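Residues per chain are reported as follows:
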Amino acid sequence: MLSEQVESTSLESNVTVIANRRTRKTETMNYVSLDFRTIEWVDGKVRILDQTRLPEKTEYRDLTRAEEMAEAIRCLAVRGAPLIGVAGAYGVALSAHSRKASSPERLKVDITKDIRMLGATRPTAVNLFWALDRMSDVLESADSVGEMRETLLSEAISIHLEDREKCEMIGRNGATLINDGFTILTHCNAGALATGGIGTALAAIYVASAQNKRVKVFASETRPLLQGARLTAWELSRNNIDVTLLVDGARGHLLTKGKVDCIIVGADRIAANGDTANKIGTYPLSVLAQKHNIPFYVAAPLSTFDLTAPAGEAIPIEERESKEVLFFGGTRIGPDNAKVFNPAFDITPHGNISCIITEKHILHPLLEESIEDCFRTP
Ligand code: MRU
């Protein structure tokens, strides 16, 4: 299921990327191949793998309207920062294709409303707003109904393809930090299920494994929605990566055993100083990493950086419904009068992060200028 040299298929075909942007050397990507697709444009519809059903059911759903995409993002049927960006872009393409167009002006107004609706689904992952901004720019420059439909779809597919390429590059950069025999701890799901490609944190693991390095992974379950248990363990095990699940509270004990070589997580938004928002439970993990002197890596594309946020305090943190905490697998586990605090993300200060692995460079977040430089240089 996993190989470094694979035949390209559909979306992947004929994709040439600037693999080394510093030297502008151009090469064709050889993707690490995984055996499922999270999202795809098929005959005027968007086919998504419904992540709320995993691991019990591998169920695909076809979405035809922007409202359906907004709901899929809201309920985490599609989730993970880069994938939310790709999904938002496809949501705009659905809007262009499904809305009746009495005139180009009317269609533009309707699509603009749908862009706003898609942007109101989840506040933390900046990739959503980054992708919607790109779609808005394309909408602005289109004049006819046909042009709107064509260019918006083509932009959504570009965003998807670019994300695949970025995942591959993050994987290659990240794999340089992984030695043969490493044991890696990860949290939440920053894998293929969270992106349009092979993931961010898990991309480094997939590439290292494809390079014949033996790796073992510990995945923390990630209360309350269990992305680590339901999704990370699912995708790693079906791709033959040795994975062990543990409850979030067991991570400190695991680290005292001295068996973890590094921690790699994803990110939902990274401020200009390197402070990073990621799934709730990431910040305490970074504190444990410091205490036990274990490298703590964040893997994310540059589209996850928000240079308008000077530091972590400026990042909006999504708070979700109390029922996610009060129920477990449909069974009530807390009294109905209990108050609930359910933030979906926390902020890891840049001082706790050893480095940030991007598609371009490996950045040291203590050196703020390295982040700025990365955006300045081509
Ligand atoms: O609430 P989710 O499941 O969308 O949260 C996902 C995460 O926190 C991931 O770690 C992050 O988006 C990085 S995905 C490559």
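As a reminder, the structure under discussion sits directly above these lines.
## Examining the sheet that holds strand β4 (residues 45-49)
No. 1: Overall, antiparallel pairing links the three strands, which are arranged β3-β4-β5 in an open sheet. What marks the edges here is a single partner per strand, and that holds for β3 (39-42) and β5 (60-63). Ignoring strand direction, the axes of neighbouring strands in this sheet form an average angle of 25°.
No. 2: Here β3 pairs with β4 via four bridges, running antiparallel. From the neighbouring strand, Trp-41 faces β4, where its bridge partner is Val-46.
No. 3: Seen against the sheet, helix α2 (residues 81-98) touches β3, β4 and β5 and runs at an angle of roughly 20° to β3.

## Remarks on the sheet that holds strand β16 (residues 345-348)
No. 1: Taken in spatial order, the four strands line up as β13-β10-β11-β16 in an open sheet, and their pairing is mixed. The sheet terminates laterally at β13 (305-306) and β16, the two strands that pair on one side only.
No. 2: Where strand β10 (residues 269-271) and strand β11 (residues 276-279) come together, two bridges link them in antiparallel fashion. Each residue of the ladder has a partner; that of Ile-270, found in β11, is Thr-276.
No. 3: In the packing of helix α9 (residues 282-291) onto the sheet, contacts are made with β11 and β16, and the angle to β16 comes to roughly 30°.

## What to know about the nonpolar core
No. 1: Among the nonpolar cores identified, the biggest contains 40 residues, and Ile-39, Met-69 and Ile-111 are the most heavily contacted of them.
No. 2: Elements supplying a minimum of two residues to this core: β3, β4, α1 (66-74), α2, α3 (104-119), α4 (126-141) and α5 (145-175).
No. 3: In terms of residue count, the dominant contributor to this core is α2 (eleven residues).
No. 4: In this view, Met-69 contacts Ile-39, Val-46, Leu-63, Val-78, Ala-87, Tyr-90, Gly-91 and Leu-118; residues no more than four positions away in its chain are not counted.

## Focus on the pairing of β4
No. 1: Following β3, the chain reverses through two residues before pairing antiparallel with β4; Asp-43 in that reversal takes a positive phi of roughly 50°.
No. 2: Of the pairings in the sheet, the one linking β4 to β5 comprises four bridges and is antiparallel in character. Residue pairing for β5: Ile-48 is matched across the bridge by Arg-61.

## Details of the packing of aromatic side chains
No. 1: Within the structure shown, the criterion is met by three aromatic pairs.
No. 2: Judged by centre distance (5.6 Å) and plane angle (70°), the ring pair of Phe-305 and Phe-375 falls under edge-to-face. Note that Phe-305 is positioned in strand β13 and Phe-375 in helix α11 (residues 368-376), a separation of 70 residues in sequence.
No. 3: When the ring centre of Phe-345 is taken as origin, the NZ or CZ atom of Lys-279, which lies over that ring, is 4.4 Å away.

## Regarding the packing of α1 against α3
No. 1: For the pair α1 and α3, the least separation of the axes is 9 Å and the interaxial angle reads 10°. Considered as vectors, α1 and α3 are oriented roughly parallel to each other. In this structure, α1 uses Ala-66, Glu-67, Met-69, Ala-70 and Ile-73 to contact α3, whose residues at the interface are Asp-114, Met-117 and Leu-118.
No. 2: Residue composition of the contact of α1 with α3, by class: six nonpolar, no polar and two charged.

## Focus on the site of the ligand
No. 1: Arg-79, Arg-122, Asp-268, Asn-278 and Lys-279 are the nearest of the 19 residues found near the ligand.
No. 2: Within the backbone of Gly-80, a nitrogen or oxygen atom sits 3.0 Å from an oxygen atom of the ligand.
No. 3: A distance of 2.8 Å separates an oxygen atom of the ligand from a polar side-chain atom of Lys-279.
No. 4: Coverage of the ligand by the protein chains reaches 100% of its 420 Å² of free accessible surface.
No. 5: Elements with a contribution of two residues or more to the shell around the ligand: α2 and β11.
No. 6: A per-class count over the shell around the ligand returns eight nonpolar, seven polar and four charged.

## A few points about the side chain of Asp-306
No. 1: Looking at where Asp-306 falls in the secondary structure, it is placed in strand β13.
No. 2: At 2.8 Å, the side chain of Asp-306 forms a polar contact with the side chain of Arg-269.
No. 3: Apart from the residues lying within four places of it in its own chain, the contact partners of Asp-306 are Val-126, Arg-269, Ile-270, Ala-271 and Ala-272.

What counts and how
Residues numbered from 1 in each chain as written. Predicted model: local features only at pLDDT ≥ 70, side-chain atom pairs only at ≥ 80, totals over all residues. Heavy atoms only, no water. Pairing = 2+ DSSP bridges. Helix = DSSP H or I, 4+ residues; strand = E, 2+ residues; numbered from the N terminus. Axes fitted to C-alpha atoms, helices over the stretch in contact; angles between N-to-C directions. Contact = heavy atoms within 4.5 Å. Core = buried A, V, L, I, M, F, W, Y, C linked by side-chain atoms within 4.5 Å. Buried < 20%, exposed > 50% of the residue type's maximum accessible area, 1.4 Å probe, protein only. Phe/Tyr/Trp six-rings, centres within 6.5 Å; stacked < 30°, edge-to-face > 60°. Lys NZ or Arg CZ within 6 Å of the ring centre and 35° of its normal. Parallel < 35°, antiparallel > 145°, perpendicular 65-115°, else oblique. Nonpolar A, V, L, I, M, F, W, Y, C, P; charged D, E, K, R; others polar. Near = heavy atom within 4 Å. Polar contact = N/O pair within 3.5 Å; in protein donor to acceptor, adjacent residues only side chain to side chain. Areas by Shrake-Rupley, 256 points an atom, 1.4 Å probe, with all protein chains shown as cover.

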